[in-house]
Amino acid sequence: MKYEDLLTPGPLSCYHEARLIRTLCFVAAFLVSSILDAACDYRSISSDRYRSTAQDVAIDGADLWVADFYGVVLYDRATSPPTPLSSLRLPGPTTDLVAANGIVFAASGSSIYGITRSANHLAVSVALDLGAPIQDLLLTETRLYAATNKSVVVLNLSSPSAPLIETALATSSGSAFSLAARGTLVYVADGDATIEVISNGAVPQIVGSFPSLPRSLAISAAGDRLFVSDGSQTEVFGAGEVPVKVAVIPYGTTSVIELNGSAVYTAGADRRVRAIDLSTPEAPVVLFESELPASGGLVNRIEGLASAEGMLYAAAGDLGLITFDARGFSEPFPVRHQSVGSSRSGVSIGDRLYLAPATGGLESYAISNNGTLQRVHQWSPGTVSIVHDANASPPRLLTSSGASLTLWDAGPASPSVVSTATLGDTIRSAVLNGVIAHAVLADGSVWRVDLSTNMGTPSLLSAVGPASFISRGASGLALGSLGEDGTTTIRFFSSGDPAASPRVVVIEGLATSGTAISSTGLIAAVTFRGISIADFNASPATVSIIAGSARGPARDVVIEGSDLLILYADSLDVWDLETRKLSRRIPLAVSGSSISVTTGFAFVAGDDGVTAVIYAGSSRLPERIASSGKNAFHRKVIILPERMYLLGGTVVEMRRIQWNGLPGNATDIGVASSTIDIAAAGSTLFTLTIDGRVSARNSAGIVLAEFQMAEGNDAVALSLTEIVGALHLSLSRGCLTGGCEKKTLVLRFDGSSITQSSVYGGALVDVELDGLRAFVLVEGPDEIRVLDIRDPLLPVVIGSRPSEGNPVAISYSDSFVYTLGRRLFVYSEAGLAKAGELLEDYVPEPTGSLAYNDQSLAIVGSCAIVSGRTFSPQVFSILAPAQWELLQSPSMPSAAREVVAVGERLYFLTGHSLEIWTTEAPASRRRPAG
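All values reported here derive from a predicted model rather than from experimental measurement.

1. Brief notes about the overall build of the protein chain
Here comes step 1: Regarding its fold elements, the protein chain presents 1 helix and 83 strands.
Here comes step 2: Dimensions of the protein chain along its principal axes, counting C-alpha atoms only, are 125 × 75 × 55 Å.
Here comes step 3: Taking all 930 residues of the protein chain together, 53% fall into the buried category.
Here comes step 4: Once local pairs closer than 6 in sequence are excluded, the contacts in the protein chain between residues at least 24 apart make up 43%.
Here comes step 5: Total accessible area on the protein chain is roughly 38,800 Å²; 51% of this is exposed by carbon and sulfur atoms.
Here comes step 6: In the protein chain, the 64 positive side-chain charges and the 88 negative ones have mean positions that sit 3 Å from each other.

2. Looking at the environment of Val435
Here comes step 1: Turning to its location among the elements, Val435 is positioned in the loop between β37 (427–433) and β38 (436–441).
Here comes step 2: In sequence terms Val435 and Val526 are 91 residues apart; their C-alpha atoms lie 30 Å from each other.

3. Description of empty space enclosed by the protein
Here comes step 1: Here the structure, examined in full by the defined rule, presents 1 cavity of 30 Å³ or more.
Here comes step 2: In this model, the largest cavity occupies a volume close to 30 Å³.
Here comes step 3: Per-class residue counts for the lining of the largest cavity are 3 nonpolar, 1 polar and 3 charged.

4. Examining the sheet that holds strand β27 (residues 321–325)
Here comes step 1: Spatial ordering of the open sheet is given by β25-β26-β27-β56, a layout of 4 strands whose pairing is antiparallel. Each edge of the open sheet carries a strand with a single partner, namely β25 (304–308) and β56 (623–625). Mean inter-strand twist for the sheet, computed between neighbouring axes without regard to direction, equals 25 degrees.
Here comes step 2: Across 3 bridges, β27 lies against β56 in antiparallel orientation. Opposite Thr323, over in β56, you have Ile625 as the bridge partner.

5. Focus: the packing of aromatic side chains
Here comes step 1: Taken as a whole, this structure holds 16 aromatic pairs when the rule is applied.
Here comes step 2: Measuring from centroid to centroid gives 6.4 Å for Tyr354 and Trp379, while their planes differ by 80 degrees, and the two rings are edge-to-face. Here the residue Tyr354 occupies a position in strand β30 (residues 352–357), and Trp379 occupies one in strand β32 (residues 373–379), the gap between them amounting to 25 residues. Trp379 carries the same exposure label as Tyr354, and that label is buried.
Here comes step 3: Between Arg274 and the ring centre of Tyr251, over which it is positioned, the NZ or CZ distance is 3.6 Å.
Here comes step 4: Lying across the ring of Tyr568, Arg551 places its NZ or CZ 4.3 Å from the centre.

6. Focus: the pairing of strand β71 (residues 783–788)
Here comes step 1: Extensive coverage of β71 is indicated by the burial of 5 of its 6 residues.
Here comes step 2: Strand direction decides the pairing type here: strand β70 (residues 773–779) and β71, joined by 6 bridges, are antiparallel. Counterpart to Ala774 in the pairing with β71 is Leu787.
Here comes step 3: Remark: 3 residues form the turn of the hairpin made by β70 and β71, two consecutive strands paired antiparallel; Gly780 in that turn has positive phi of roughly 70 degrees.
Here comes step 4: Sheet topology places β71 next to strand β72 (residues 796–802); 6 bridges connect them, and they run antiparallel. Each residue of the ladder has a partner; that of Leu787, found in β72, is Val797.

7. Remarks on a nonpolar patch on the surface
Here comes step 1: Among the surface-exposed residues, Ile690, Val716 and Leu718 lie close enough to one another that they form a single nonpolar patch of about 200 Å² accessible area.
Here comes step 2: Looking at the element boundaries, Val716 is found in strand β65 (residues 715–723).

8. Observations concerning the sheet that holds strand β58 (residues 643–647)
Here comes step 1: Read from one edge to the other, the open sheet built from 4 strands follows the order β57-β58-β59-β60, with strand pairing classed as antiparallel. The open sheet has two edge strands, β57 (636–639) and β60 (663–670), and neither has a second partner. Each adjacent strand pair in this sheet contributes to an overall mean axis angle of 20 degrees, direction not counted.
Here comes step 2: Where strand β59 (residues 651–657) meets β60, 6 bridges bridge the pair, whose relative direction is antiparallel. The partner of Ile657 across the bridge, within β60, is Pro663.

9. Quick notes on the environment of Gly320
Here comes step 1: Its place among the elements puts Gly320 in the loop between β26 (311–315) and β27.
Here comes step 2: The spacing of Gly320 and Ala538 is 218 residues in sequence and 56 Å in space, taken between C-alpha atoms.
Here comes step 3: Not counting the four nearest positions on each side in its chain, Gly320 is found in contact with Ser52, Ala54, Ala314 and Ala315.

10. Observations concerning unusual backbone geometry
Here comes step 1: A cis amide bond links Ser80 to the next residue, Pro81, at an omega of 0 degrees.
Here comes step 2: Structurally, Pro81 can be placed in the loop between β4 (69–76) and β5 (83–100).
Here comes step 3: The omega torsion of the bond from Ser539 to Pro540 falls at 0 degrees, within 30 degrees of zero and hence cis.
Here comes step 4: Its place among the elements puts Pro540 in the loop between β47 (530–535) and β48 (542–545).

11. Section: the environment of Val152
Here comes step 1: Residue position: Val152 is located in strand β11 (residues 152–156).
Here comes step 2: Separated by 441 residues in the primary sequence, Val152 and Ser593 place their C-alpha atoms 50 Å from one another.

12. Let's talk about the side chain of Thr234
Here comes step 1: Note on placement: Thr234 falls in strand β19 (residues 234–237).
Here comes step 2: A distance of 3.1 Å separates a polar atom in the side chain of Thr234 from a polar atom in the side chain of Thr253.
Here comes step 3: Setting aside its immediate chain neighbours within four residues, Thr234 contacts Phe227, Val228, Ser229, Ala247, Val248, Ile249, Tyr251, Gly252 and Thr253.

13. Describing the state of the cysteines
Here comes step 1: Applying the stated criterion across every chain, the model contains 2 disulfides.
Here comes step 2: Note that Cys40 is cross-linked by a disulfide to Cys863, the S-S spacing being 2.0 Å. Taking the torsion about the S-S bond as the criterion, the Cys40 to Cys863 disulfide, at about -100 degrees, is left-handed. Of this pair, Cys40 sits in the loop between α1 (19–39) and β1 (43–49) while Cys863 is found in strand β78 (residues 863–867), placing the two residues 823 residues apart along the sequence.

14. So, the confidence of the model for the protein chain
Here comes step 1: Across the protein chain, the average pLDDT comes to 91, with 95% of residues at or above 70.
Here comes step 2: Low pLDDT, under 50, characterises residues 1–36; the predicted model gives this stretch 26 contacts beyond four residues in sequence or across chains.
Here comes step 3: The low-confidence segment residues 924–930, where pLDDT is below 50, has 4 contacts with residues more than four positions distant or belonging to other chains.

15. Quick notes on the pattern of salt bridges
Here comes step 1: The final tally for this structure, using the stated rule, is 43 salt bridges.
Here comes step 2: Salt-bridge contacts for Arg352 lead to Asp351; the nearest nitrogen and oxygen are separated by 3.6 Å.
Here comes step 3: Residue classification places Arg352 among the partly exposed residues on the basis of a relative accessible area of 23%.
Here comes step 4: Across the salt bridge formed by Arg551 and Asp570, the nearest N and O atoms sit 3.0 Å from each other. Of this pair, Arg551 sits in the loop between β48 and β49 (556–560) while Asp570 sits in the loop between β50 (563–567) and β51 (571–576), and the two are 19 residues apart along the sequence.
Here comes step 5: Connected through shared salt-bridge partners, Arg801, Glu804, Arg822, Arg823, Lys834, Glu837 and Asp841 make up one network.

16. Examining the pairing of strand β81 (residues 896–902)
Here comes step 1: For β81, a buried count of 5 out of 7 residues is recorded, marking the element as mostly surrounded by other parts of the structure.
Here comes step 2: Bridge count for β81 against strand β82 (residues 905–910) is 6 bridges, and the pairing is antiparallel. Looking at β82, one finds that Glu898 is bridged to Leu909.
Here comes step 3: Joining the antiparallel neighbours β81 and β82 is a turn of 2 residues, in which Gly903 adopts a positive phi near 60 degrees.

What counts and how
- Sequence order sets the numbering: in each chain, residues are counted from 1 along the sequence as written.
- Local features in this predicted model are restricted to residues whose pLDDT is 70 or higher, and side-chain atom pairs enter the listing and the counts only when it is 80 or higher, whereas totals over whole chains, interfaces and linings include all residues.
- Side-chain numbers come from the whole structure's heavy atoms, not from hydrogens or water.
- Per the convention used, a helix needs a DSSP run of H or I reaching at least four residues, while a strand needs a run of E reaching at least two, with both numbered from the N terminus.
- Note on classification: 1.4 Å probe, protein chains only; a residue is buried when its accessible area is under 20% of the maximum for its type, exposed when over 50%, partly exposed between these limits.
- What makes two residues a contact is simply this: any of their non-hydrogen atoms within 4.5 Å.
- Surface accessibility follows the Shrake-Rupley procedure with a 1.4 Å probe radius. Residue values consider only the protein chains on display as shielding.
- When charges are counted, Lys and Arg are positive and Asp and Glu negative, with His and the chain ends excluded.
- Throughout, a charge is located at the NZ atom of Lys, the CZ atom of Arg, the CG atom of Asp or the CD atom of Glu.
- Of the grid points, spaced at 1 Å and generated over the protein atoms alone, those admitting a 1.4 Å probe that cannot get out make up cavities, while open sets with protein on both sides within 12 Å along at least five of seven lines make up pockets; any residue with an atom within 4 Å of a point is treated as lining.
- Grid points are joined across faces, edges and corners, and a volume is the space filled by probe spheres set on the points.
- Three classes are used, and their members are as follows: Ala, Val, Leu, Ile, Met, Phe, Trp, Tyr, Cys and Pro are nonpolar, Asp, Glu, Lys and Arg are charged, and the others, Gly among them, are polar.
- Only strands joined by at least two bridges in the DSSP assignment are considered to pair.
- To get an axis, fit a line to the C-alpha atoms, keeping to the stretch in contact for a helix; angles then go from 0 to 180 degrees between the N-to-C directions.
- Ring pairs are drawn from Phe, Tyr and Trp, using the six-membered ring of Trp, whenever the two centres fall within 6.5 Å, and their geometry is named by plane angle: stacked under 30 degrees, edge-to-face over 60, tilted for the rest.
- As a reminder, the over-ring test applies to NZ of lysine and CZ of arginine, requiring each to be within 6 Å of the ring centre and within 35 degrees of the ring normal.
- Patch definition: residues above 30% relative accessible area lacking any salt bridge, with like charges linked at up to 9 Å and the nonpolar side chains Val, Leu, Ile, Met, Phe, Trp and Tyr linked at up to 5 Å.
- Whenever Lys or Arg places a side-chain nitrogen within 4 Å of a carboxyl oxygen from Asp or Glu, that contact is recorded as a salt bridge.
- We define a polar contact as two N or O atoms separated by no more than 3.5 Å, with the added condition that, inside protein, one atom must be a possible hydrogen donor and the other a possible acceptor, whereas residues neighbouring each other in sequence contribute only through side-chain atom pairs.
- Only a pair of cysteine sulfur atoms within 2.5 Å counts as a disulfide in this structure description.
- Each residue gets a pLDDT score, which is the predictor's confidence in that residue and runs from 0 to 100.

Below, the structure is given as structure tokens:
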């Protein structure tokens, strides 16, 4: 046997020969393995991050640290918003970090990394593999606690640069999700109905537990309270060695930090940042609430909060780092929202607020100095009412229910009926002056009601109607009529008597929110044109519109002194009637329907309770600061000899590939939001929308030609692939109504038009080219096919066989075809006969970063690269077609979804970056001539 014979077909072929021959075989195997290892020795030459998913945030002095899945980012807090100074890529998904006194630790996958900083240079000083995915970190004075899915691992930090694993503590559930510390105790949320308690003493050990939510997933400590959440609600526990539950907050929290002694900031999976006052734990008051927009990415939740020097920072998933300026947010807080139930209407008298709950009955609340409400009385149960108006002296309350009008004595004792009256139709609007009420009914009629006796006396003001609403002020009374011509007629009675002769103005637009009357004879109304001010001091009366005041429909309008308060769906706007300028816009997290004003407060009643607003105070709500950060969400990459295309949401990013193989500056090409796939040939980009429209664009994004598939209303486009200049448009039809059919249209682009040339059965899944042949995967039917593509527009099937294992990727090398799906299947080129199976059955990736269709396969010489089955791609040496040896799983900062091989380079599209590897020697710093 010749030495070279040992190399073919492979060292294992002679395993059963004599000992000498076996020895030679093993020598050959070693030599072959060494050669293959060298050939497959890939190294990273570029990591181009396009997405930052903020997972955690920590503050250490002037430094702000963010774990952003890809690694860690250091920010300078002195700027607003913070300026990124440096970043460090880490292997695996970086989800948690802690920082204090110059010590920074980050959790990525199952490893903890200690990070050092020299100026703005970051480096890993220590790495420890804990053997299980890490879900949270907690830093105490001398220890680092790590919650893993197997235990709580305790690391001793006597030497921070060389932490040592001190112990691992098992929880009752076998896992640990979240950690918090209070005093010398550490608390663990482990996913079951108890919270484990660890003593952080000389020897860390579990010393007890206490009951909480059935599935406790997150725990936070703020001040002397603990907050335990299951994602949809949060239990609040008070101080003491044995925590006692004091409240339940009706939403989930992932992070809670202290605002002041009784108030906290909270955040959770609903993308809302809140400030809550827990002075009365059983009745939490919302001081601030901001819902962040959805990012368009996959992580739409707030993972962590941090605060310092009046600035609030939120790690907001794919929205990145969000900054709020809360330096003006202090007591007395400008907004206090209490969930006291849905209210149809409300009115205030002195230090009392009266509400009409949507469920029926009436309620009165005492108003504290800061606007907090305490319920005093409930009465008239079972009757659904509307609160219309009130007088302060003596305290009287006017309500209605249907056609019934009631005047109540609203003194300090329980309210009692003074007078009632029944009118001819449902009461739409009513006002009160002493014991005389005026009402507008649903039929437009206007009535005067004398409520001086227990049975009120109504009388029709036949000469006044019809009207749509009525309002009153210190200077008179006004009736408003909404016209079919889109105008509002206002009749003003300065005497307060609708029987007198009115002064009349007509304003453009419908004042559906009614009118408000000032003490100086001004009437304000809000229409689509903005705020109209009718001045009845002039003769004749004049109407003017405040410039720049158009905002859309208003809910209610009130005048208090020189302040005009307008309630919109999302804010309370305060205008100065003297200067005609907007004084303040106060965002409202909860929509309201009506306003009442008393003692410096505006009370907004709505479907989710009452919001007390100090509209003239100096305190300001936290304000979100615009960030320049931009995320992209690429889901496909195309690599051509000179260009690279990346498909995101509504943008295709085009980059020229430089001489060193790295991508250059990006040019964004806008595409339709319904774009599902792209293909490219040279400088021409092709896009495909879900309804089957193919567009050809040049490098400037200009559309050169379009093609619209016409396969029926139930046809759905699936994919677009370029094969030697021809476009393969795959589609399905009838799959939702029965008789599902899949096929592929072959299209021709001649520079100015796109036309159909041929069609074949099945939808194209993946393709690999070999000269004038194409090895393709199709589904419906599920087959492997070999196509003759000498005429790319008329491909001819020259071989086929059923595919196995639901494959999603195909490759060809040295007379063998490989498909990747449930497993890796090997077929000989001759007749596509099966030659073997490789890899274990597909198992979903534990972090949830990958889907089954993310599997990808590339073969370069004797090296095979598999991505999409594990977080990091796998590199194999091909010893024989059905014998692969795993060489390495090079670390990635994010899960690799797709691999494209171009020469000696591999391009990996991950969830957060484009990674480029090569086996080439390091390139010269100087660009070669030519």
